[in-house]
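Single-letter residue listing:
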Amino acid sequence: MSIWEYANPKKFMETSAIALPWAAAATAACLVAGLVWGFFFTPDDYKQGSTVKIIYLHVPAALMAINAWLMMLAASLIWLVRRHHVSALAAKAAGPVGLTFTLIALVTGAVWGQPMWGTWWAWDPRLTSFLILALFYLGYIALWQAVENPDTAADLTSVLCIVGSVFAVLSRYAVNFWNQGLHQGATLSLDKEENISDVFYFPLLLCIGGFVLMFLTLVLLRTRTEIRVRRVQALLARERMA
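The structure presented is a predicted model; accordingly, all values stated were derived computationally and were not measured.

**Quick look at the overall build of the protein chain**
- Tallying secondary structure elements over the protein chain gives six helices and zero strands in all.
- Each helix and strand of the protein chain, ordered N terminal to C terminal, gives the series α-α-α-α-α-α.
- Residue pairs at least 24 apart in sequence account for 76% of intrachain contacts in the protein chain once pairs closer than 6 positions are excluded.
- Counting only carbon and sulfur atoms, one obtains 68% of the accessible surface of the protein chain, whose full area is about 13,100 Å².

**Quick look at the packing of aromatic side chains**
- This model, assessed by the stated rule, comprises seven aromatic pairs.
- Pairing W69 with Y140 gives two aromatic rings, centres 6.0 Å apart and planes at 65°, and the pair type is edge-to-face. Highlighted residues: W69 in helix α2 (residues 55-82) and Y140 in helix α4 (residues 125-146), separated in sequence by 71 residues. Summarising the burial analysis for this pair, W69 and Y140 share the class buried.
- Between Y201 and F202, the aromatic rings sit 5.3 Å apart at their centres with planes inclined by 70°, giving edge-to-face as the arrangement.

**Details of the nonpolar core**
- In this structure, W69, M72, F101, F130, Y137, Y140 and F215 are the most contacted members of the largest nonpolar core, which totals 35 residues.
- Secondary structure elements with two or more residues in this core: α2, α3 (85-117), α4, α5 (150-177) and α6 (198-241).
- It is α2 that contributes the most residues to this core, eleven residues altogether.
- In this view, F215 contacts M64, A68, M71, A94, V97 and F101; residues no more than four positions away in its chain are not counted.
- Membership of the second largest hydrophobic core comes to eleven residues, among which are V52, I55, L204 and C207.

**Topic: the UniProt feature "transmembrane region" (unreviewed entry) in the protein chain**
- Within this structure's numbering, the places UniProt gives as "transmembrane region" (unreviewed entry) are residues 20-42, 54-81, 93-115, 127-147, 159-179 and 199-221.
- Regarding residues 93-115, the helix share stands at 100% and the strand share at 0%, and the terminal C-alpha atoms are separated by 36 Å.

**Details of the packing of helix α1 (residues 9-40) against α6**
- Packing of α1 against α6 leaves a shortest axis separation of 7 Å and a crossing angle of 150°. Here α6 runs roughly antiparallel to α1, going by the angle between their axes. Classified by chirality, the crossing of α6 by α1 is left-handed.
- Here the residues of the contact of α1 with α6 are counted per class, giving 24 nonpolar, eight polar and four charged.

Cut-offs and rules
- Residues numbered from 1 in each chain as written.
- Predicted model: local features only at pLDDT ≥ 70, side-chain atom pairs only at ≥ 80, totals over all residues.
- Heavy atoms only, no water.
- Helix = DSSP H or I, 4+ residues; strand = E, 2+ residues; numbered from the N terminus.
- Contact = heavy atoms within 4.5 Å.
- Areas by Shrake-Rupley, 256 points an atom, 1.4 Å probe, with all protein chains shown as cover.
- Phe/Tyr/Trp six-rings, centres within 6.5 Å; stacked < 30°, edge-to-face > 60°.
- Buried < 20%, exposed > 50% of the residue type's maximum accessible area, 1.4 Å probe, protein only.
- Core = buried A, V, L, I, M, F, W, Y, C linked by side-chain atoms within 4.5 Å.
- UniProt positions renumbered as here; feature names shortened; annotations may be inferred.
- Axes fitted to C-alpha atoms, helices over the stretch in contact; angles between N-to-C directions.
- Parallel < 35°, antiparallel > 145°, perpendicular 65-115°, else oblique.
- Left-handed = near helix turned anticlockwise from the far one by under 90°.
- Nonpolar A, V, L, I, M, F, W, Y, C, P; charged D, E, K, R; others polar.

Below, the structure is given as structure tokens:
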């Protein structure tokens, strides 16, 4: 068995039909458990008070905003190298999902930052790179809509995805590259002294797992829709030629 078997639309549809209900159920379980635990059963922070609980939305959304783009990059490279249509459609499907996560991260970051920094926005390296990443997401989605030929659209959006990956990386490591800025350091760290307290850490892991599973669920669902749309378009084109 080869992983490339799942690049076949029929095989993908069969496998994803089985996986989708399980992924959706796991998403709901992780999100409900993580958010209820985090919002109602963790203490207020001694410095930030109850506003720290925004972390259970902000951090998972920010992580997935970046990783969604990296997933799109991987799928785009597969399309450019192997010309598998499912990979191009998966990248297309992930675009709006990634944009949504990016907007959630920006909005929750502003809500979190206002009482801490005294402002809703600052041209901080990480905030600025995240804003640029959101613009790349918008450009990626718009490019798919603007180009009529689907293969040409897949080629052009793949190139855009490669370029935008620079800002996806900057969004993740901006605090390490530049010391200036208001944004705090990484919430999760292998260094126990820098890592978040265990009382917040474990519900946060559940929320992150829930966001990962939600991304997987939405991408599977949207990719299945894109495949169906492509099939309908092919049938309509065949009828017009008959």
